[in-house]
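Summary of structural features
The primary structure of each chain is shown beneath.
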Amino acid sequence: MKSRNWISPDMAALLFSPIIILAVSLLMGLAVPIITWFRHPTGVAWLWTLGIATGTSILGTILLFLAKLPQYRAGIFLRFGSQHLPPRQQRLYRLSFWLIVPSVVVLLALLSASQRFQ
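Remark: the centre distance and the inter-plane angle together describe each pair of aromatic rings, the angle taken between the planes. All told, the structure shown has three aromatic pairs when counted by the stated rule. Both rings, one in Phe-65 and one in Tyr-72, keep their centres 5.6 Å apart while their planes meet at 35°; by these two values the pair is tilted. In this structure Phe-65 comes out as partly exposed when scored by relative accessible area, which is 44%. Taking 6.1 Å as the distance between ring centres and 15° as the angle between the ring planes, the aromatic pair formed by Tyr-72 and Phe-77 counts as stacked. The exposure class assigned to Tyr-72 is partly exposed, which follows from its relative accessible area of 27%.

Below, the structure written as C-alpha cells:
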C-alpha cells in the first residue's frame, strides 16, 4: 500500500519544474553581473574584492589551525580528514574549508582579471 504522501514522478515534474526554472533564473540573474564585472573590472572594486578574499582565506586558515590544534598538541602533524577530530573541531574544520576554497577560487579569478590593468 502506498503512503498518502507519495507523488508520482510525472506529477512531481509538473509541480516542481516552475520552481526549478525560477531558481535557475534567479541564479543566472546573480551570476550575470559577476561575470560582467570580471570581464570589465574597475580598480576600486578589484582591490575591495582582493581584500575580502584575502581576509576570508586568512580567517579560514586560522580556523583550520584551531581545528587541528588538538592533533598538533598530541604530536600528529600530518593527518587528512576530520573523522579523528572531536565534534566541535569537525565543525571548525568544515567551516574553514568552506571559507578557504571559495576565497582561493576568487583570488585565482582576480589574478586572471588583473591582466586587464596592465
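Within the secondary structure, Ile-62 sits in helix H2 (residues 43-73). Taking the C-alpha atoms as reference points, Ile-62 and Leu-85, 23 residues apart in sequence, are found 16 Å from one another.

Mapped onto the secondary structure, Thr-54 falls in helix H2. Separated by 46 residues in the primary sequence, Thr-54 and Ile-100 place their C-alpha atoms 9.4 Å from one another.

Procedures and definitions
- Position numbers for residues count from 1 along each chain, tracking the sequence in the order it is written.
- Two thresholds apply to this predicted model, a pLDDT of at least 70 for residue-level local features and 80 or more for giving and counting side-chain atom pairs, whereas whole-chain, interface and lining totals are computed over all residues.
- As a rule here, side-chain values come from all non-hydrogen atoms in the structure, and water together with hydrogens is ignored.
- Only rings of Phe, Tyr and Trp enter the pairing, Trp through its six-membered ring, and a pair is recorded when the two centres are within 6.5 Å. The plane angle decides the type: under 30 degrees is stacked, over 60 is edge-to-face, the rest tilted.
- Categorising residues by exposure relies on relative accessible area from a 1.4 Å probe, with only protein chains included: less than 20% of the type maximum marks a residue as buried, more than 50% marks it as exposed, and the intermediate range marks it as partly exposed.
- Secondary structure elements are defined from DSSP: runs of H or I of at least 4 residues count as helices, runs of E of at least 2 residues count as strands, and each element is numbered from the N terminus.

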